[in-house]
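What the coordinates show
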Amino acid sequence: MYDEYYKERTPRAMPDLQTTFYLVGIIFMSLMLLIMLVLVVAVVMIRAKIVAIHRQIEARLDDLTGWAGKGSAVLGAIKTIAHSQHK
C-alpha cells in the first residue's frame, strides 16, 4: 500500500534527473582530475627550467670568480714589482 502511494506521488523525472546529476558529477570529476594532472606536469616542467637557469647562473659565477682570482693574482704581481722598484 505504501509503495502504491509513493509511486503515485513521485515525479517521473526523478530517475532521469538523478542520472543527469551523476553524469555531470562524473564529467566534472574527470575534468578536474585532468586539470590537476596538467597542473602537476606544468609545475614539474617549470621547476626543471628554473633548475636549468640556476645551473647556468652558477656556472657563469664560477667563471667570473675564476677571472677575479686571476685578476687579483696579476694585481698582486704588479704591486710586488711596484714595491720592489720603489725601494
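Numbering of residues begins from 1 in every chain and follows the order in which that chain's sequence is written. With the structure being a predicted model, the display of local features is reserved for residues of pLDDT at least 70 and the display and counting of side-chain atom pairs for 80 or more, all residues being used for whole-chain, interface and lining totals. Working from all heavy atoms in the structure, the side-chain values ignore hydrogens and water.

**Some points on the overall build of the chain**
Heads up, the condition is: Every helix listed is a DSSP run of H or I at least four residues long, and every strand listed is a run of E at least two residues long, numbered separately from the N terminus. Only the protein chains shown count as cover for residues, and all accessible areas are computed by the Shrake-Rupley method using a 1.4 Å probe.
Of the regular secondary structure elements, the chain holds two helices and zero strands. Surface exposure of the chain reaches about 8,700 Å², of which carbon and sulfur atoms provide 72%.

**Description of a nonpolar patch on the surface**
Inclusion rule: Patch membership needs two things, relative accessible area over 30% and no salt bridge, and members are linked within 9 Å if like-charged or within 5 Å if nonpolar (Val, Leu, Ile, Met, Phe, Trp, Tyr). One speaks of a salt bridge when a side-chain nitrogen belonging to Lys or Arg is within 4 Å of a carboxyl oxygen belonging to Asp or Glu.
A surface patch of nonpolar side chains, about 1,100 Å² in accessible area, is lined by Leu23, Ile26, Ile27, Phe28, Met29, Leu31, Met32, Leu34, Ile35, Val38 and Leu39. Following the sequence through the fold, Ile35 ends up in helix H2 (residues 14-86).

**Considering the packing of aromatic side chains**
This is how the line gets drawn: Ring geometry is summarised as follows: Phe, Tyr and Trp rings, the Trp one being its six-membered ring, pair when their centres sit within 6.5 Å, and such pairs are stacked at plane angles under 30 degrees, edge-to-face over 60 and tilted between the two. Each residue's exposure class comes from its accessible area (1.4 Å probe, protein chains only) as a fraction of the maximum for that residue type: buried when under 20%, exposed when over 50%, partly exposed otherwise.
Within the structure shown, the criterion is met by one aromatic pair. With centroids separated by 6.4 Å and ring planes inclined at 55°, the aromatic side chains of Phe21 and Tyr22 adopt a geometry described as tilted. The exposure class assigned to Phe21 is exposed, which follows from its relative accessible area of 62%.

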